[in-house]
Amino acid sequence: MLLRELEPEKYWSFPSSYSKEKRELELNHMIDSGDFFIQLKTDGNYSAFICDFDGDKRIISRGKSTVTKEYGRLEDKLFFFDAVAAAFDKPTRIMGEIWYEGGIDRNVGSVLRASSEKSKSIQSEEYYNSIFSQIKFSPKDRRDIKNNEFRNKELRWRIFDVWYYDGEDLMKTPWIERQKYVKAAAERINNPLVTYVPYEPMDESFYDKLAEVFKAGGEGFVAYRKNGYPEPGKRTAHKTLKIKQELENLIDCFIIGTEPAVQAYTGKELGSWSYWQDTRTGEKIRGEYFEDYQLGKSIQPISKGFYYNWPGAIYVGVYDNSHQIIKLCKVAGLTEDFKTELRDNYNDWHMCPVVIGGMALSDANGLSIRHPYLKSIRKGDISPEDCTLSKILAQE
């Protein structure tokens with residue numbers, strides 16, 4: 001298998017059912033065991049540099065393209081790629097986060113989703129000026145480039161793991177030994193846009209370190225079991241742990257709208273998938289049509305939610321001090337029964353109080369809750385009048 005075909009490993013997180021006390025008990029056990037170390041978590045986009053067995057060099061994203069079925073390619077959008085590629089000529093796979101100083105993942109993602117010329121033009125005014133006469137940007141593109149809040153700031157890369165290093169196979173090498181390759185890779189690349197994330201012991205100073213990270217607006221840590229080795233595509237419980245700042249209290253809010261389900265099916269069960277659409281007529285059909293799809297017939301797989309006209313998510317809001325409704329966030333991960341209820345009887349659920357949990361409040365672009373989830377429905381329990389912004393701010 002080529003190195004570019006390996007799936008990224010996934011970090012384990014505490015299940016939402018874990019109480020605060022149970023999370024702390026688990027963390028204390030990890031500290032006392034001495035079996036873990038931690039890395040500062042960067043709020044950016046996962047990426048991997050590959051120098052493959054066939055000599056191909058690229059930087060890939062976490063997700064695969066629905067068109068090419070390959071991991072997205074990012075090298076043409078990154079000014080540091082040439083330095084990384086020049087440093088390695090033998091099989092190498094280095095993982096890192098693409099990030100912006102002072103930014104979060106959505107800031108990075110918006111730049112990486114642009115075309116290579118537009119992406120680099122956002123990052124460098126000098127580059128923009130050098131290609132302006134050659135590339136005919138649309139008026140919208142020119143506005144996007146000039147108005148981007150991170151205009152003239154180049155994307156950076158923080159290395160956090162290495163699976164192959166200049167021909168050396170590290171797939172059976174534990175983290176405690178791989179950590180030296182993380183630092184070595186950054187030093188070998190020797191580019192100001194490329195750094196590495198150092199490993200630290202997870203010891204009695206852990207909570208003090210965590211408090212400092214949160215106080216500075218950081219995202220948290222990732223803990224690694226010292227004897228763990230790479231397991232592409234897996235999420236092994238208690239081998240890694242994302243330690244993020246969660247809301248101390250759950251939030252009361254109310255439903256103010258829904259978002260339609262995405263149309264495209266992007267899962268891994270295409271061969272046995274049952275939900276399809278005739279691309280000529282738009283008719284939705286159900287059954288075993290994978291062979292027809294492979295033969296090039298006018299048919300495409302669609303998501304189950306799109307087939308049933310379910311909402312993909314709800315929007316929730318609260319009242320501000322002027323009794324105006326403000327949108328708080330979008331919440332996905334709804335049960336199929338609740339989606340059906342929202343589809344068939346939305347008027348009964350509009351302004352219904354619910355309880356959500358999620359990640360820490362962020363003021364990078366105003367009030368927001370990251371990775372929100374629906375905890376419970378409080379229909380008939382509390383009034384929408386009880387769902388206020390002032391209650392949320394009092395929790396900070």
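These numbers were taken from a predicted model, which means no experiment stands behind them. (Residues numbered from 1 in each chain as written. Predicted model: local features only at pLDDT ≥ 70, side-chain atom pairs only at ≥ 80, totals over all residues. Heavy atoms only, no water.)

(A) Looking closely at the overall build of the protein. A tally of helices and strands in the protein yields 13 helices and 19 strands. Computed over its C-alpha atoms, the radius of gyration of the protein comes to 23 Å, within 12% of the 21 Å expected for a compact globule of 396 residues. For the protein, with 396 residues in total, the buried portion stands at 45%. If you take every contact in the protein between residues at least 6 apart in sequence, the share linking residues at least 24 apart comes to 68%. When the accessible area of the protein is evaluated, it comes to approximately 20,700 Å², of which 47% is carbon and sulfur surface. For the protein, the separation between the mean place of its 57 positive charges and that of its 61 negative charges on side chains is 3 Å. (Helix = DSSP H or I, 4+ residues; strand = E, 2+ residues; numbered from the N terminus. Rg over C-alpha atoms; globule rule 2.2 N^0.38 Å. Buried < 20%, exposed > 50% of the residue type's maximum accessible area, 1.4 Å probe, protein only. Contact = heavy atoms within 4.5 Å. Areas by Shrake-Rupley, 256 points an atom, 1.4 Å probe, with all protein chains shown as cover. Lys, Arg positive; Asp, Glu negative; His and termini not counted. Charge placed at Lys NZ, Arg CZ, Asp CG, Glu CD.)

(B) Highlighting empty space enclosed by the protein. Evaluation of the coordinates by the stated rule reveals 1 cavity of 30 Å³ or more. Considered as a void within the structure, the largest cavity measures approximately 130 Å³ in volume. In terms of lining, the largest cavity is formed by 13 residues, of which the most central are Glu9, Tyr11, Tyr46, Phe160 and Asp161. When residues of the lining of the largest cavity are traced back to their parent elements, those giving at least two are strand S5 (92-99) and strand S6 (156-165). For the lining of the largest cavity, the element with the most residues is S6, which contributes 3 residues. Across the lining of the largest cavity, the residue classes break down as 8 nonpolar, 1 polar and 4 charged. (1 Å grid on protein atoms, 1.4 Å probe; cavity = no way out; pocket = protein on both sides within 12 Å on 5 of 7 lines; lining within 4 Å. Points joined across faces, edges and corners; volume = space filled by probe spheres on them. Nonpolar A, V, L, I, M, F, W, Y, C, P; charged D, E, K, R; others polar.)

(C) Just the sheet that holds strand S1 (residues 36-40), in detail. On the basis of which strands lie adjacent, the open sheet formed by 4 strands has the order S9-S1-S10-S11 and antiparallel pairing. The sheet terminates laterally at strand S9 (199-201) and strand S11 (240-244), the two strands that pair on one side only. Between one strand axis and the next, the sheet turns through 30° on average, direction left out of account. Bridge count between S1 and S9: 3 bridges; the pairing is antiparallel. Within the sheet, the bridge partner assigned to phenylalanine 37 lies in S9 and is proline 201. Taken strand by strand, helix H1 (residues 20-33) contacts S1, strand S10 (220-225) and S11, and its axis lies near 125° from that of S11. Its contacts with the sheet place helix H7 (residues 175-189) against S1, S9, S10 and S11, and it is angled at close to 140° to S9. (Pairing = 2+ DSSP bridges. Axes fitted to C-alpha atoms, helices over the stretch in contact; angles between N-to-C directions.)

(D) Spotlight on the sheet that holds strand S13 (residues 275-278). Spatial ordering of the open sheet is given by S14-S13-S15, a layout of 3 strands whose pairing is antiparallel. Strand pairing shows two members of the sheet lacking a second neighbour, strand S14 (284-286) and strand S15 (299-301), which therefore form its edges. On average, each strand axis in the sheet is inclined to that of its neighbour by 35°, with strand direction left out of account. Relative to S14, S13 is paired through 3 bridges, and the arrangement is antiparallel. Paired with glutamine 277 across the strands is lysine 284, a residue of S14.

(E) Structural context of the environment of isoleucine 98. Relative to the helices and strands, isoleucine 98 resides in strand S5. If we skip the residues at most four places from it in the chain, isoleucine 98 touches Gly44, Asn45, Ser47, Leu74, Leu78, Phe80, Val108, Leu112, Leu155, Arg156 and Trp157.

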